[in-house]
Amino acid sequence: SDIFGRQLLGLAAISGFASAAILAIINMAVQKTDGQSIQASEGVDVSWRSVVLFALAIGIYIASHQRLMVDACRKVEDILDKLRMRLVEAARSAELLEIEKIGRTSIYAALSREAQVISQSTPMLIIAIQSAILVICSMLYMAYLSTTAFVLATTFTVTAAIFHLSRSKEVA
């Protein structure tokens, strides 16, 4: 199970890095020197290299993202199935009076409803992890391109996060 978790994290990292690579490739492709496309040392036009790299990065992103979604959803469904079975067994071995007081239908409905919410949240959680990795990679790339832009973006992001968290506490 721990190996599977690391595999999912690895797939999320690959997908996030591929997203960041797409941004870097696009940035590289639009850079011009004196209005001409940049020439690589081997004489190959960088625009063709950019197209190939872009296609490769897109392919890696799509493959890793799809595999990640399928594997994560399957893993969550397996966990929920085992949890449901344990809870059903616990309900079957409980005192009959307690079960009748609550009602079997209410118990099974609650189990199904909560499991469904968890199951439906899995893709959003995966996307959130990928997005976090993309933001980290993008920020590192920005730091590579411009320290000033990195400091400004980081300052803005931290300020916005603090503001958002303080507003969230006020609402709650």
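Residues numbered from 1 in each chain as written. Predicted model: local features only at pLDDT ≥ 70, side-chain atom pairs only at ≥ 80, totals over all residues. Heavy atoms only, no water.

**Q** How do you make sense of the overall build of the chain when you look at a structure like this?
**A** Looking only at helices and strands, the chain features 5 helices and 0 strands. Helices and strands in the chain line up, N terminus first, as α-α-α-α-α. For the chain, the share of sequence-separated contacts (at least 6 apart) that also reach a separation of at least 24 residues comes to 74%. Per element, the accessible surface of the chain, about 12,300 Å² overall, is 68% carbon and sulfur. (Helix = DSSP H or I, 4+ residues; strand = E, 2+ residues; numbered from the N terminus. Contact = heavy atoms within 4.5 Å. Areas by Shrake-Rupley, 256 points an atom, 1.4 Å probe, with all protein chains shown as cover.)

**Q** Got a minute to help me understand the environment of Met139 in this structure?
**A** Among the secondary structure elements, Met139 is positioned in helix H4 (residues 104–145). We classify Met139 as buried; its relative accessible area is 17%. Spatially, the C-alpha atoms of Met139 and Ala149 are 9.4 Å apart, while their sequence positions differ by 10 residues. Discounting residues that sit within four places of it in the chain, Met139 has contacts with Phe150, Ala153 and Thr154. (Buried < 20%, exposed > 50% of the residue type's maximum accessible area, 1.4 Å probe, protein only.)

**Q** Sorry, what's going on with the nonpolar core here?
**A** The tendency in soluble globular proteins is for nonpolar side chains to be buried as a group. With 11 residues, the main nonpolar core is built from Leu8, Leu11, Ala12, Ala13, Ala20, Leu68, Met69, Ala72, Ile126, Ile133 and Cys137. For this core, the secondary-structure elements that each account for two or more residues are helix H1 (2–30), helix H2 (46–93) and H4. Per element, the largest residue contribution to this core is 5 residues, and it comes from H1. Every residue in contact with Ile133, bar those within four places of it in the chain, is listed here: Ala12, Ala13, Gly16 and Phe17. (Core = buried A, V, L, I, M, F, W, Y, C linked by side-chain atoms within 4.5 Å.)

**Q** Would you take a moment to explain the environment of Ser131 for this structure?
**A** Tracing the sequence through the fold places Ser131 in helix H4. Considered as a pair, Ser131 and Ala13 are 118 residues apart in the sequence and their alpha carbons are 9.8 Å apart.

**Q** Would you mind showing me how to read the pattern of salt bridges here?
**A** Two side chains of opposite charge can pair, provided their charged atoms sit close to one another. Per the counting criterion, the structure on display carries 3 salt bridges. Put simply, Arg74 and Asp71 hold a salt bridge, and the shortest N to O gap is 3.7 Å. Within this pair, Arg74 and its partner Asp71 are both found in helix H2, separated by 3 residues, close to a single helical turn. Of the residues examined, Asp71 reaches a relative accessible area of 6% and is grouped as buried. Salt-bridge contacts for Arg167 lead to Glu170; the nearest nitrogen and oxygen are separated by 3.2 Å. Taken together, the positions of Arg167 and Glu170, both in helix H5 (residues 147–171) and 3 residues apart, correspond to about one turn of that helix. Overall, Arg167 belongs to the partly exposed group, its relative accessible area being 44%. Through salt bridges with shared partners, a single ionic network connects Arg67, Asp71 and Arg74. (Salt bridge = Lys/Arg side-chain N within 4 Å of Asp/Glu carboxyl O.)

**Q** How should I be thinking about the confidence of the model for the chain in this particular structure?
**A** Regions with low pLDDT carry predicted coordinates that are not meant to be interpreted in detail. When the pLDDT values of the chain are averaged, the result is 80; 87% of them are 70 or greater. Segment residues 40–44 is flagged for pLDDT under 50; beyond a separation of four residues in sequence, or across chains, it makes 4 contacts in the model. (pLDDT = per-residue confidence, 0-100.)

**Q** Teacher, can you tell me more about a nonpolar patch on the surface here?
**A** A cluster of nonpolar side chains, namely Ile14, Leu53, Leu56 and Ile60, defines an oily patch on the protein surface of about 320 Å² accessible area. Looking at the nonpolar patch, the element that brings in the most residues is H2, giving 3 residues. The class of Ile60 is partly exposed, set by a relative accessible area of 38%. (Patch = residues over 30% accessible without salt bridge, like charges linked within 9 Å, V, L, I, M, F, W, Y side chains within 5 Å.)

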